[in-house]
Amino acid sequence: MSEKACQVLIIGGGPAGMSAARAALAGGAQVVLLEAGDALGGQFWRHLPESRKGGEEQVLHHKWRHFNTVQRELRDDPGCEVVLGAHVWAIERPDGGQAPAVHVMVGPPDGADREPRTYLPQSIIFATGGQERTLPFPGWDLPGVYTAGAAQALAKGERVAVGQRVLVAGAGPFLLPVVTSLIRTGATVIGVAEASGWKRLAKGWLSRPWELAATRSKAGELGGYLREMVHHRVPYRAGTTVIAAHGEESVESVTLARLDADWKPVPGTQRRVEVDAVCVSHGFVPRTELALTVGCTVDAHGFVVVDDQQRTSVENVFCAGELTGIGGVDLALAEGEIAGATAAGTQPRASVVKARNVFRAFAERLQTAHGIRPGWQTWPEPGTTLCRCEDVTVGEVREVAAATQARGLRSLKLTTRAGLGPCQGRTCGRNTEEILSSCGLLDPGRTARRPIAIPVRLGELAATTSSQREETP
Amino acid sequence: MSTVDVVVIGAGVLGASAAYRLAEKGFSVEVLERGAPNREGSGTTAGNLHIQAIHTRRPGQAVPVDSRRFLPLQKAASDRWSTVEAELGEELEVRRPGGFMVAETEDDLDQLTTKAVWEREVGIKTEILDGDTARAELPVLGPSVRAATWCPDDGYANPLLAGPAWLRAGMRLGVQLSPGTPVTGLERRGEGWEVTTPTGTTSCRWVVNTAGPWIQPLTALAGVELRMRPVAIQMHVTVRVPPLLPCLVQHIGRGLSVKQVTAGNVLIGGGWPAESLDLDARSHASLHSMAGNLAEAIRILPPLSRLSLLRMWAGPLAATPDEMPVIGAVPGADGLLVAGGTYAFTFAPLWADVLAAAVLGEPSPIDVRDLGPDRLIMGAK
Ligand SMILES: Cc1cc2nc3c(=O)[nH]c(=O)nc-3n(C[C@H](O)[C@H](O)[C@H](O)COP(=O)(O)OP(=O)(O)OC[C@H]3O[C@@H](n4cnc5c(N)ncnc54)[C@H](O)[C@@H]3O)c2cc1C
């Protein structure tokens, strides 16, 4: 196995990671950028196909050009090694001031000959991003219920509409571009249900409006989506959500209900609506498994805590992008640049620090306006699936928590098997944690803490040692 | 201040089974547990019921296990486990699919034949098979296996069910369980003991110290220094796969034990050392041990090579300097008993009987006089 020392190792090749790489290079550092996919760009830029037809917003074109420029710069810089198909499976903690060892398998996940590599970086920047969070409700696992991200990927990548009468539900501005994409594939979007009520939306978005002026591009982007919705007469309902999906083979209708400020359904407000597809997205969760492995402190929402220079609680470990809070591509770019510059031992540009602060305030507004409220826990019924991989229901988990003395997250997981499947709780982890913490656990812990970050074949793992047989008989 | 007959320290599988047995004998019992029950050794264990002789050394273990001394205890534990589920009225997923103990080298072969003789002496059924016969029985065995013993009594139980079931059964008989309640003081008072925790004091006639890796600091609270050598070892588990391995597979000379659980995951262990033992938090599994353990596993069971590893974890283990269990009364501290040591999952129902007999002043169901804590007292030989 090859071991390589390097100055700055960046994990994650989305906007935050690319921006970090560029800034670290500008600061004179030698950089390695690891990306698991087969291209740079991450979730945001992957979703922007190169030539798009029809009146795209200027702002998106601008971002695409920026992406191409940065990608070219990184490729051409001899101080930068970009490794695609790089799957980080473990990080050994730094002890005694030593450099941490970052273990990587390079190659396609199911390919036969992946190459094991170990990097020994002076600094690590985590830019591993976030993923959509879908809250469970009866019927959420029916065919025809899509995560908003999956629906958008189908619409943009394959140009496939997920249905003809589609309802979009959940929380946050990310619902809007989904609507736009759906409309462009010819689907009829019969409405958008935003779980947060007008009061919260106003508190988040309308307070201190002068601050929003600084986030013009962001506001412009959202404005574009809104204009398109209005143009297609898509009704937008605040304080409403889908609390159940019904159907035999696939979804045929949904129950909509008005929600109170805590996202609890208001009695008597339920009504059935016929649909043939639903797209749901209730927010994002950061992918913190690697950051947690090296011991980074996280806040109550599970985001990694960073200081003004994007430093985590662990020396020489930085985080940028959605790991530190969900704030969109502009925040990710700014945070990446600050982390990269600092990791290279230079001062970040004052203008970027300012931009970061502005977009962070934007992220806080997002949380104020759309953050998930605990009332969602009243939506599932006992038979509602919580963990899809292992087919565990909400009722089973609550029953085990109530009936046994297994009062720790780990033993509850092991007893119920929630979060133990191939995705290792990436999808259901936060939902499980929240359900369990309302059952009064002694030891809630976090589902993302894992010494092995991703499943790797035994043969590959065994080969990482020279498998010297120890001396004992 | 409350008063009970017996305070049990630690709600691992030993504390749970002892509390149940004592309550059943009519004693009032309180179990004081530092954190959450069944979370340390007993919640991280492989849960194997080791009936045929075990491999005598964990990787890195300095002193070998005295297998000949272990075997009568294993035989008694095997008999005890056959009634546990009926006694508790609960399903603990006790399975006895049997197990192979494989040998690769000349030295392994010697050990295998010697231990088979000892097994016969105590009435444990084992059969020696040559490599090809073993492969005919279990085709997933690799070509390096030269011989194996087969023991039909080897098996496992679900460790996440066993400890909690003993606790529940005890609580039905009046056992009080106090989780989140660390014992901070043990004071001799008249005929008995005063046990202090941050939330109060309990007075009792007997104290049973089943604090696993923490046996030493707790006995020290009573003024007795025991020499213990706690370690942390680790386990590895693969994704769920269709049935592949119908029984246990272990290695006589190396750290390896493998089984496939009902859910379909393959569990791989063998006593490989974790990165370090952290008695204040969770110990971390070591990548080096992982690679070593998995290399053994795929050499003995080559088809495992293409399975993916899902998780690994480490757990603490109360080992003694001579690698033998410790059970019995602490000399010079009347009414203080300890029980612990390796393989305590297998021994849990047996040790509960031994402890209850000691409290009752009745003869022990099995001779354990040589396994008492006296041999571990500082200054003693
Ligand atoms: C990875 C692993 C695999 C294993 N595999 C097997 C196997 O296959 N078969 C087998 O037979 N054995 C196996 N063992 C060994 C066996 O699991 C353990 O020996 C057994 O579970 C120990 O049980 P215990 O009750 O003695 O200790 P523990 O389960 O460790 O319980 C001790 C308890 O004491 C509590 N405590 C500590 N200090 C205090 C205090 N001051 N006040 C109150 N409470 C306190 C702790 O919190 C803990 O809950 C394995 C062990 C490990 C770690």
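A quick note: this is a predicted structure, and the numbers were derived from the prediction, not measured.

Colleague: Honestly, the sheet that holds strand S14 (residues 271–274) of chain A in this entry has me stumped. Any pointers?
Modeller: Each strand in a sheet pairs with another by means of backbone hydrogen bonds, the pair being arranged parallel or else antiparallel. All names here are of chain A. Taken in spatial order, the three strands of this open sheet run S12-S13-S14, and their pairing is antiparallel. Edge positions in the sheet fall to strand S12 (240–246) and S14, since each of these pairs with one other strand and no more. Averaged over all adjacent pairs, the angle separating strand axes in this sheet is 35 degrees, with direction ignored. Taken together, the six bridges between S12 and strand S13 (residues 253–258) define a ladder with antiparallel strand orientation. Each residue of the ladder has a partner; that of Ala245, found in S13, is Val254.

Colleague: Looking at this structure, I do not really get the interface of chain B and chain A. What am I missing?
Modeller: Accessible area lost during the coming together of the parts is what is often quoted as the interface size. On the chain A side, the residues contacting the 52 residues of chain B number 39 residues. In total, chain B and chain A occlude about 3600 Å² of area from one another, counting both sides; carbon and sulfur atoms represent 61% of this. Taken together, the links from chain B to chain A amount to one salt bridge. For B:Arg240, the salt bridge identified is with A:Glu390, shortest N-O distance 2.1 Å. Our enumeration of links across chain B and chain A arrives at six residue pairs in polar contact (both at pLDDT 80 or more). Examining the composition of the side of chain B that touches chain A, we find that 10 residues originate from one element, helix H8 (residues 287–300) of chain B, more than from any other.

Colleague: Just to check I follow, could you spell out the pairing of strand S6 (residues 147–151) of chain B for this structure?
Modeller: Regular strands place side chains that alternate from one sheet face to the opposite one. All names here are of chain B. For S6, the buried fraction is high: four of the five residues fall into the buried class. Of the strand pairs in this sheet, strand S4 (residues 99–103) and S6 are connected by five bridges, and their pairing is antiparallel. Across the sheet, residue Phe100 finds its bridge partner in S6, namely Trp150. Sheet analysis places strand S5 (residues 127–130) next to S6, joined by four bridges and oriented antiparallel. Paired with Leu129 across the two strands is Ala148, which belongs to S6.

Colleague: Looking at this structure, how should I read the nonpolar core?
Modeller: Side chains of nonpolar character tend, in soluble globular proteins, to be buried together. Residues and elements named next belong to chain B. In this structure, Leu22, Val29, Trp81, Leu92, Trp166 and Trp351 are the most contacted members of the largest nonpolar core, which totals 59 residues. Sorting the residues of this core by element identifies strand S1 (2–9), helix H1 (13–24), strand S2 (29–32), helix H3 (67–88), helix H6 (159–172), strand S11 (200–209), strand S18 (336–340) and helix H9 (344–360) as the ones contributing at least two each. Here this core takes 10 residues from H9, the largest share from any one element. Every residue in contact with Trp81, bar those within four places of it in the chain, is listed here: Leu49, Leu92, Val94, Arg96, Ala157, Trp166, Phe345, Thr346 and Pro349. Of all hydrophobic cores here, the second largest spans 45 residues; its members include Leu256, Ala274, Ala295 and Ala297.

Colleague: What exactly am I supposed to notice about unusual backbone geometry here?
Modeller: Most peptide bonds take the trans form, and the phi angle of most residues other than glycine is negative. Residue and element names in this part refer to chain A. One non-glycine residue, Trp263, lies in the positive phi region at around 70 degrees. Along the chain, the position of Trp263 falls in the loop between S13 and S14. The backbone of Asn316 sits at a positive phi, close to 65 degrees, despite the residue not being glycine. Classification of Asn316 as partly exposed rests on a relative accessible area of 40%.

Colleague: Before we go on, may I ask you to explain the site of the ligand in this structure?
Modeller: Residues and elements named next belong to chain B. Glu33, Ser42, Thr45, Val183 and Thr346 are the nearest of the 36 residues found near the ligand. Within the side chain of Ser42, one N or O atom sits 2.5 Å away from an oxygen atom of the ligand. Phe345 places a main-chain nitrogen or oxygen 3.4 Å from an oxygen atom of the ligand. Surface burial for the ligand is 96%, taken as the share of its 1000 Å² of free accessible area covered by protein chains.

Colleague: Would you mind showing me how to read the domain arrangement of chain B here?
Modeller: Residue and element names in this part refer to chain B. Looking at the assigned domains, one finds that chain B contains domain 1 (2–43 + 160–227 + 322–380) and domain 2 (98–152 + 229–319). Between domain 1 and domain 2, the C-alpha centre-to-centre distance is 30 Å. Contact residues are listed per partner, giving 11 residues for domain 1 and eight residues for domain 2. Roughly 830 Å² of surface becomes buried between domain 1 and domain 2 when both sides are summed, with 59% attributable to carbon and sulfur atoms.

Colleague: When you look at the side chain of B:Gln234 in this model, what are you seeing that I'm missing?
Modeller: Residues and elements named next belong to chain B. Secondary-structure assignment places Gln234 in strand S12 (residues 231–240). For Gln234, the side chain forms a polar contact with the side chain of His236, separated by 3.0 Å. Ignoring any residue separated from it by four or fewer positions in sequence, one finds Gln234 in contact with Gly269, Trp272, Pro273, Ala274, Ala285, Ser286, Ser289, Met290, Met312, Trp313 and Ala314.

Colleague: What should I look at first to understand the environment of A:Arg388 in this one?
Modeller: Residues and elements named next belong to chain A. Turning to its location among the elements, Arg388 is positioned in the loop between strand S18 (385–387) and strand S19 (392–393). On the basis of relative accessibility, which here comes to 45%, the residue Arg388 falls in the partly exposed class. Along the backbone, Arg388 and His87 are 301 residues apart, and their C-alpha atoms lie at a distance of 24 Å. Every residue in contact with Arg388, bar those within four places of it in the chain, is listed here: Trp140 and Asp141.

Calculation criteria
Residues numbered from 1 in each chain as written. Chains lettered and ligands numbered in written order. Predicted model: local features only at pLDDT ≥ 70, side-chain atom pairs only at ≥ 80, totals over all residues. Heavy atoms only, no water. Pairing = 2+ DSSP bridges. Helix = DSSP H or I, 4+ residues; strand = E, 2+ residues; numbered from the N terminus. Axes fitted to C-alpha atoms, helices over the stretch in contact; angles between N-to-C directions. Contact = heavy atoms within 4.5 Å. Buried area = accessible area lost by both parts, 1.4 Å probe. Salt bridge = Lys/Arg side-chain N within 4 Å of Asp/Glu carboxyl O. Polar contact = N/O pair within 3.5 Å; in protein donor to acceptor, adjacent residues only side chain to side chain. Buried < 20%, exposed > 50% of the residue type's maximum accessible area, 1.4 Å probe, protein only. Core = buried A, V, L, I, M, F, W, Y, C linked by side-chain atoms within 4.5 Å. Near = heavy atom within 4 Å. Areas by Shrake-Rupley, 256 points an atom, 1.4 Å probe, with all protein chains shown as cover. Domains from an automatic or database assignment.

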